[in-house]
Amino acid sequence: MGTVVGFGYTEESGPSEPLRQLELPVIDSRHCTFRHANYKLDLGQFCAGHSDNKTACNGDSGGGLVFRKGRTFYLGGIVSYSEKQIESNACRFDGYSVFTSVHNYLPWIRRITKLNLSSTEPNNVPCGVSKIQRFRRVVRGQETVPGQWPWHVNIYHDVENNYTYQCGGVLINDRFILTLEMCVKDHRRGKMLDIFVKLGITRLDEANREYYKVKIFHSPEGDEYASDNNKIALLQLPEDVAIFYTDIVRPVCLPVSDIEYGEYGTAIGFGYTEKREISNILRMASMPTMNATYCFRKLEIHDVLKQDNFCAGYTNGTNVCNGDSGGGFYVKDGNDTWYISGLTSFTAVDENTHTCAEYKPAVFKNVFMYLPWIKSVMLLNS
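Parameters at a glance
- Residues numbered from 1 in each chain as written.
- Predicted model: local features only at pLDDT ≥ 70, side-chain atom pairs only at ≥ 80, totals over all residues.
- Heavy atoms only, no water.
- Disulfide = S-S within 2.5 Å.
- Helix = DSSP H or I, 4+ residues; strand = E, 2+ residues; numbered from the N terminus.
- Buried < 20%, exposed > 50% of the residue type's maximum accessible area, 1.4 Å probe, protein only.
- Patch = residues over 30% accessible without salt bridge, like charges linked within 9 Å, V, L, I, M, F, W, Y side chains within 5 Å.
- Areas by Shrake-Rupley, 256 points an atom, 1.4 Å probe, with all protein chains shown as cover.
- Salt bridge = Lys/Arg side-chain N within 4 Å of Asp/Glu carboxyl O.
- Core = buried A, V, L, I, M, F, W, Y, C linked by side-chain atoms within 4.5 Å.
- Contact = heavy atoms within 4.5 Å.
- Pairing = 2+ DSSP bridges.
- Lys, Arg positive; Asp, Glu negative; His and termini not counted.
- Polar contact = N/O pair within 3.5 Å; in protein donor to acceptor, adjacent residues only side chain to side chain.
- Phe/Tyr/Trp six-rings, centres within 6.5 Å; stacked < 30°, edge-to-face > 60°.
- Axes fitted to C-alpha atoms, helices over the stretch in contact; angles between N-to-C directions.

### Some words on the state of the cysteines
And then number 1: Scanning the model with the defined rule gives 3 disulfides in all.
And then number 2: Note on cysteine connectivity: C167 is disulfide-linked to C183, with sulfurs 2.2 Å apart. Around the S-S axis, the bridge from C167 to C183 shows a dihedral of about -85 degrees and counts as left-handed. With C167 in strand β10 (residues 162–171) and C183 in the loop between β11 (176–180) and β12 (185–186), this pair connects stretches of sequence that are 16 residues apart. Across this residue pair, the class does not change: C167 and C183 are buried.

In structure tokens, the structure reads:
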């Protein structure tokens, strides 16, 4: 719930003499554009308002929509426009208003003002809800569009002040990101690095997104269900950064049950394509989970995978690859809600290219097995 202030028109269709304030909930973009067919929202806009004669109106434009966290107020949006009444030039009091998202302009604002600004966004959106609702099962991978996987996170290593893309990650709330432990280590030097993340990215060459330095939590040693070579890590965003949920930045839901064999999921990432190079555009591929014994035989694995792993994939060239590690394997329920079931871990190596073997299945970390640890870390560090 945000608060808008201004001298805009009142129910009497005239500007208000005193400055007025009104609390407004943020409205899902799909619901807003369904109600207002003439609204054409871009990714830098959102809707807020009531449907009972409470909204921003003429004269409020340019004013702020602020959100309170503790004793601090953050500017989330700027009043942009509302639908007009048919019989007059005044706004429809029973409609929603459109706001410009301040978060999307932060890099430009920082560049002009030279100020170190933090950001926030109304966070009353449900987890696991994508702007893009119509999905078809994708074989051999397909490019994604902005807003399709708003919980995907890019992870970068800071090597001598040079940010290098390393892995994927998964936003699970406005403070925490899931990824693999291997994604936050410098394996060549055997030491930890400064890790930075970017949110809302669908192209690696996007330059208008902030880098955030994160704190790392490692999953505990000695778990009887867990593999020792590649566990899960939690990344915590800085305390002075409040994440602004938009159509392109949203959290996914944590799993409520274990993954089942034969269940279809979708893996996404910037990993190697058929051309054996990192993709500049975020890609997705649908694949089924499979029986562990069949997976072992295809991968020529002789050791038994522990319970924190599962296999998925086809043998037709649809697979995850180098650069996809740490990214999510997602399943959807009957209500079009997405859940994070796995994190891309590894697959077989092609002896000729020394990259992933396209025609063999992949191994994913089973997020469900880590839920007690994930929830305890979030509870103790919120």
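Picking up where we left off.
### Things to note about a nonpolar patch on the surface
And then number 1: Taken together, the side chains of V5, F7 and L19 define a hydrophobic patch exposed on the protein surface, amounting to about 270 Å² of accessible area.
And then number 2: Looking at the secondary structure, you find V5 in strand β1 (residues 2–6).

### As for the nonpolar core
And then number 1: Formed by 51 residues in total, the largest nonpolar core has its most connected members in I172, L178, V197, L234, Y330, I340 and I374.
And then number 2: Put simply, the parts of the chain that give this core at least two residues each are β9 (152–159), β10, β11, β14 (195–199), β17 (232–236), β22 (338–347) and α4 (371–381).
And then number 3: Looking at this core element by element, the count peaks at 5 residues for α4.
And then number 4: Discounting chain neighbours no more than four positions away, the residues touching I374 are I172, L178, L234, L254 and V367.
And then number 5: Formed by 14 residues, the second largest nonpolar core is a distinct cluster that contains C253, F310, F329 and A362.

### A closer look at the pairing of strand β4 (residues 45–48)
And then number 1: Of the two faces of β4, the one holding Q45 and C47 and the one holding F46 and A48 are both buried throughout.
And then number 2: Bridge count between strand β3 (residues 26–27) and β4: 2 bridges; the pairing is antiparallel. By the bridge assignment for β4, V26 is matched with A48.

### Here's the deal with the environment of R297
And then number 1: Along the chain, the position of R297 falls in helix α3 (residues 292–299).
And then number 2: What makes R297 exposed here is its relative accessible area of 56%.
And then number 3: When the C-alpha positions of R297 and K360 are compared, they lie 9.9 Å apart, and in sequence the two are 63 residues distant.

### Looking at the side chain of D158
And then number 1: Mapped onto the secondary structure, D158 falls in strand β9.
And then number 2: Despite its burial, D158 pairs with no opposite charge; the closest candidate is K213, at 6.8 Å N-O.
And then number 3: From its side chain, D158 meets the backbone nitrogen of N162 in a polar contact 3.4 Å long.

### Observations concerning the pattern of salt bridges
And then number 1: Evaluation of the coordinates by the stated rule reveals 5 salt bridges.
And then number 2: Of the charged contacts, one joins R250 and D247 as a salt bridge, the two residues approaching to 3.4 Å between their closest N and O atoms. For the pair R250 and D247, one class covers both residues: buried.

### Quick notes on the packing of aromatic side chains
The geometry of two aromatic rings is summed up by the distance between their centres and the angle between their planes.
And then number 1: All chains considered together, the criterion is met by 15 aromatic pairs.
And then number 2: Ring centres of F310 and F329 lie 5.5 Å apart, and the angle between their planes is 65 degrees; this geometry places the pair in the edge-to-face category. A residue pair is termed long-range when its members are at least 10 positions apart, and F310 in strand β20 (residues 309–312) and F329 in strand β21 (residues 328–332) qualify at 19 residues. The pair F310 / F329 is uniform in exposure class, with both members buried.
And then number 3: Three or more aromatic residues link up through ring pairs in this structure, and these residues are Y156, Y163, Y165, F196, Y211 and F270.

### Here's the deal with the sheet that holds strand β15 (residues 212–213)
And then number 1: Pairing in this open sheet of 7 strands is antiparallel, and the strands run β15-β14-β9-β10-β11-β17-β16 from one edge to the other. The outermost strands of the open sheet, each flanked by one partner alone, are β15 and β16 (215–218).
And then number 2: Examined bridge by bridge, β10 and β11 share 2 bridges and lie antiparallel to one another. Among the inter-strand pairings, L171 is bridged to a residue of β11, identified as I177.
And then number 3: Strands β11, β16 and β17 of the sheet are contacted by α4, whose axis makes an angle of about 20 degrees with β17.

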